[in-house]
Amino acid sequence: VWLCALILCFGPAVYVHAERSAGQTVDDTTLATSVKYILTRAENVPVGSINVEVYKGIVQLSGFIHKEAQKVAALSSVREVNGVVATNDGLVLTDVPRSLGHFIDDQTIQAKLKAKIGDSLGVGTAVSVVTHVRNGAVIVAGFVGNRKEINTVVETAKSISGVTKVHNRLLVRQAD
């Protein structure tokens, strides 16, 4: 029970939402829902391990997965969804099992990441950052406003005790 509470408390991602029009936000949310649905129907795709972010039709998949075939299946499934402008691969292959101790350490790192990224970028900043942590390795993914924000997020992640590697999958948002 405490483990479930820990997961609910810290969650898999930290978000600072990007500024978009209401229509763009609805379109991207609808597209994200369609992508998530197609991933649940795809064979050999670990849906629970994959996060979906969408910005103006660009779909980014991120998360830790175990097999190259899972990555290929996920990415090819997304390309079939109507409205997808482009697909970005933020998936990282890992075959290292995770112990309960590593899981708890990862949740601690996740909580620190969530707080430090929010402090570093500021809550009003127009970015959407997703983080994943597995055995001390971190994926930072999503859409940010510029290179400086990418550098800030990556350096913030590297500064946290227990982080062994940072996989930078951040993308700079395209201007209108």
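Structure first, text after, so check above.
Residues numbered from 1 in each chain as written. Predicted model: local features only at pLDDT ≥ 70, side-chain atom pairs only at ≥ 80, totals over all residues. Heavy atoms only, no water.

J.: Any chance you could explain helix 5 (residues 147–158) here in plain terms?
T.: Side chains that are three or four residues apart share a direction in an α-helix, a result of its 3.6 residues per turn. The terminal C-alpha atoms of helix 5, which comprises 12 residues, lie 16 Å apart, in line with the 16 Å expected from a rise of 1.5 Å per residue. Taken together, the buried positions of helix 5 are Glu149, Ile150, Val153, Val154, Thr156 and Ala157. On an axial view of helix 5, the arc spanned by its buried residues comes to 160°, and they lie on one face. Seen from the buried face of helix 5, the exposed residues on the opposite side, beyond 90 degrees, are Arg147 and Lys148. Turning to helix 5, the residues buried within the fold contact helix 4 (100–121), strand 4 (128–134), strand 5 (137–144) and strand 6 (165–172). Near the N-terminus of helix 5, the side chain that reaches the backbone nitrogen of Lys148, with its oxygen 3.1 Å away, is that of Asn146. (Helix = DSSP H or I, 4+ residues; strand = E, 2+ residues; numbered from the N terminus. Expected span 1.5 Å × (residues − 1). Buried < 20%, exposed > 50% of the residue type's maximum accessible area, 1.4 Å probe, protein only. Arc of directions from axis to C-beta. Contact = heavy atoms within 4.5 Å. Polar contact = N/O pair within 3.5 Å; in protein donor to acceptor, adjacent residues only side chain to side chain.)

J.: What is the right way to look at the sheet that holds strand 3 (residues 86–93) in this model?
T.: One open sheet holds the three strands; their spatial order is 1-2-3, and the pairing between them is mixed. In this open sheet, the two edge strands, each paired with only one partner strand, are strand 1 (51–55) and strand 3. On average, each strand axis in the sheet is tilted by 15° relative to the strand beside it, whichever way the strands run. Across five bridges, strand 1 lies against strand 2 (residues 58–65) in antiparallel orientation. Bridge pairing links Tyr55 to Ile58 in strand 2. The strands that helix 3 (residues 68–79) touches are strand 2 and strand 3; relative to strand 3, the one it contacts most, it runs at about 165°. (Pairing = 2+ DSSP bridges. Axes fitted to C-alpha atoms, helices over the stretch in contact; angles between N-to-C directions.)

J.: Just to check I follow, could you spell out the sheet that holds strand 5 for this structure?
T.: The strand order across the open sheet formed by three strands is 4-5-6, and the pairing between neighbours is mixed. The two strands at the open ends of the sheet, each matched to only one other strand, are strand 4 and strand 6. If you compare each strand with its neighbour and ignore which way they point, the axes differ by 10° on average. Both strand 5 and strand 6 contribute to a ladder of eight bridges, which runs parallel. Bridge pairing in strand 6 places Val138 opposite Val166. Where helix 4 meets the sheet, it contacts strand 4 and strand 5, and its direction lies at approximately 155° from that of strand 4. On the sheet, helix 5 packs against strand 4, strand 5 and strand 6 and is oriented at approximately 160° with respect to strand 6.

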